[in-house]
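# Coordinates in review
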Amino acid sequence: MTVLTNEQKNSLVDAAHRYQKHAYSPYSHYAVGSAVLAEDGQIYGGANIENSAYPSGLCAERVAIFKAISEGNRQIKAIAVVTSNAGSPCGACRQVMREFSALDMPVILADEQGNIAFESTMDGILPRSFGPEDLQI
Ligand code: THU
């Protein structure tokens, strides 16, 4: 189990907050920032990136996770998400997180003031999930 120090938690929330400012969300006007702590010890951040052809956009969480994975990581150790209302990750993002994390991975949701509104785990936000083990991989 990854136990985060308060310093690690704050760094992750700060990074998510910084990345939220890079959101490209002219259609929803809902800016999301996310940051993941990867197994290499680095923090990778992402923002939601919308598109005039709406389904072509991507959520902040998946941008951050895919950045970490494409740098050679295969595990994320923690994730933070920042929105105006400390909103929850969507179902598709939860499934992508699940692929690359332990079930007890910390999940932190914060608002734009940096207040942590909700802390849970991967299993807490996606119970009885389907994952690589179900395919015996
Ligand atoms: N969004 C995220 O970035 N993450 C989520 O988990 C929920 C939704 C984005 C997608 C879209 O750009 C905007 O928020 C409104 O749905």
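Residues numbered from 1 in each chain as written. Predicted model: local features only at pLDDT ≥ 70, side-chain atom pairs only at ≥ 80, totals over all residues. Heavy atoms only, no water.

### Section: the site of the ligand
In the vicinity of the ligand, the residues found are S28, Y30, V32, N48, E50, C59, A60, E61, S88, P89 and C90. Here an oxygen atom of the ligand and a side-chain polar atom of E50 are 2.5 Å apart. C90 is positioned with one of its backbone polar atoms (N or O) 2.8 Å from an oxygen atom of the ligand. With the chains in place, 74% of the 370 Å² that the ligand exposes on its own is no longer accessible. Residue composition of the shell around the ligand, by class: six nonpolar, three polar and two charged. (Near = heavy atom within 4 Å. Polar contact = N/O pair within 3.5 Å; in protein donor to acceptor, adjacent residues only side chain to side chain. Areas by Shrake-Rupley, 256 points an atom, 1.4 Å probe, with all protein chains shown as cover. Nonpolar A, V, L, I, M, F, W, Y, C, P; charged D, E, K, R; others polar.)

### Thoughts on helix α3 (residues 91–99)
Where α3 is concerned, the buried positions are C93, R94, V96, M97 and R98. The secondary structure elements touched by the buried residues of α3 are α2 (60–70), β3 (76–82) and α4 (122–125). (Buried < 20%, exposed > 50% of the residue type's maximum accessible area, 1.4 Å probe, protein only. Helix = DSSP H or I, 4+ residues; strand = E, 2+ residues; numbered from the N terminus. Contact = heavy atoms within 4.5 Å.)

### Things to note about a nonpolar patch on the surface
A contiguous nonpolar surface patch, about 450 Å² in accessible area, is contributed by Y24, Y27, I49 and Y54. In this fold, Y24 is placed in the loop between α1 (6–20) and β1 (33–38). (Patch = residues over 30% accessible without salt bridge, like charges linked within 9 Å, V, L, I, M, F, W, Y side chains within 5 Å. Salt bridge = Lys/Arg side-chain N within 4 Å of Asp/Glu carboxyl O.)

### Describing the sheet that holds strand β5 (residues 116–121)
Within a sheet, each strand pairs with its neighbour through backbone hydrogen bonds, oriented either parallel or antiparallel. In spatial order, the strands read β2-β1-β3-β4-β5; together these five strands make up an open sheet with mixed pairing. Among the strands making up the open sheet, the edge pair consists of β2 (43–47) and β5. Shown here is a sheet whose adjacent strand axes are inclined to one another by a mean of 15°, direction ignored. As judged from the four bridges shared by β3 and strand β4 (residues 106–110), these two strands associate in the parallel manner. What sits directly across from A80, in β4, is I108. (Pairing = 2+ DSSP bridges. Axes fitted to C-alpha atoms, helices over the stretch in contact; angles between N-to-C directions.)

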